[in-house]
Amino acid sequence: MLIIPVKEGENIDRALKRFKRKFDKTGTMRQLRTRQQYTKPSVKRRAEVQKAQYIQGLRDQEEI
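This one's a predicted model, so the numbers in the text were calculated from it and none came from an experiment.

A.B. asks: Honestly, helix α1 (residues 12-26) in this entry has me stumped. Any pointers?
C.D. replies: Given 3.6 residues per helical turn, the α-helix brings residues three or four places apart onto the same face. Across its 15 residues, α1 extends 21 Å between first and last C-alpha, which sits within 8% of the 21 Å expected from 1.5 Å per residue. Phi turns positive, to about 80°, at G27, one or two residues after α1.

Dropping the structure here:
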């Protein structure tokens, strides 16, 4: 559970912005989205390989 202490005289919008930033850093929403559907390990591995190939292709194009 996230606790954001609101300081005396602090604007509520500023405290809300701090909460949102802290919430994004924890990665809770990202984790929930990945857990909504099961992906087989072979599919995860294939996606990682494809992503690595794509990034490598971009780096190779940069060198040319």
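A.B. asks: It is not clear to me how the packing of aromatic side chains should be interpreted in this structure. Could you clarify?
C.D. replies: Here the distance between the centres and the angle between the planes together describe a pair of aromatic rings. Counted by the stated rule, this structure contains one aromatic pair. On the numbers, 6.1 Å between centres and 20° between planes, the contact of F19 with F23 is stacked. One end of the pair is F19 and the other is F23, both in helix α1 and four residues apart, which spans about a single turn. Classification of F23 as partly exposed rests on a relative accessible area of 27%.

About the criteria used
- Each chain has its residues counted from 1, running along the sequence as written.
- Restriction of local features to residues with pLDDT of at least 70 applies here, the model being predicted, together with a cutoff of 80 or more for giving and counting side-chain atom pairs; totals for whole chains, interfaces and linings are based on all residues.
- Heavy atoms from the whole structure form the basis of all side-chain values; hydrogens and water molecules are not counted.
- Helix and strand definitions follow DSSP, with helices as H or I runs of at least four residues and strands as E runs of at least two, each counted in order from the N terminus.
- Expected helix span is given by 1.5 Å per residue-to-residue step, counting one fewer step than there are residues.
- Aromatic rings from Phe, Tyr and Trp, taking only the six-membered ring of Trp, are treated as a pair when their centres fall within 6.5 Å; an angle between ring planes under 30 degrees marks them as stacked, one over 60 as edge-to-face, and anything in between as tilted.
- Relative accessibility under 20% of the residue-type maximum defines a buried residue, over 50% an exposed one, and the middle range a partly exposed one, all with a 1.4 Å probe and only protein chains included.

Any functional reading would require information that these geometric values do not contain.
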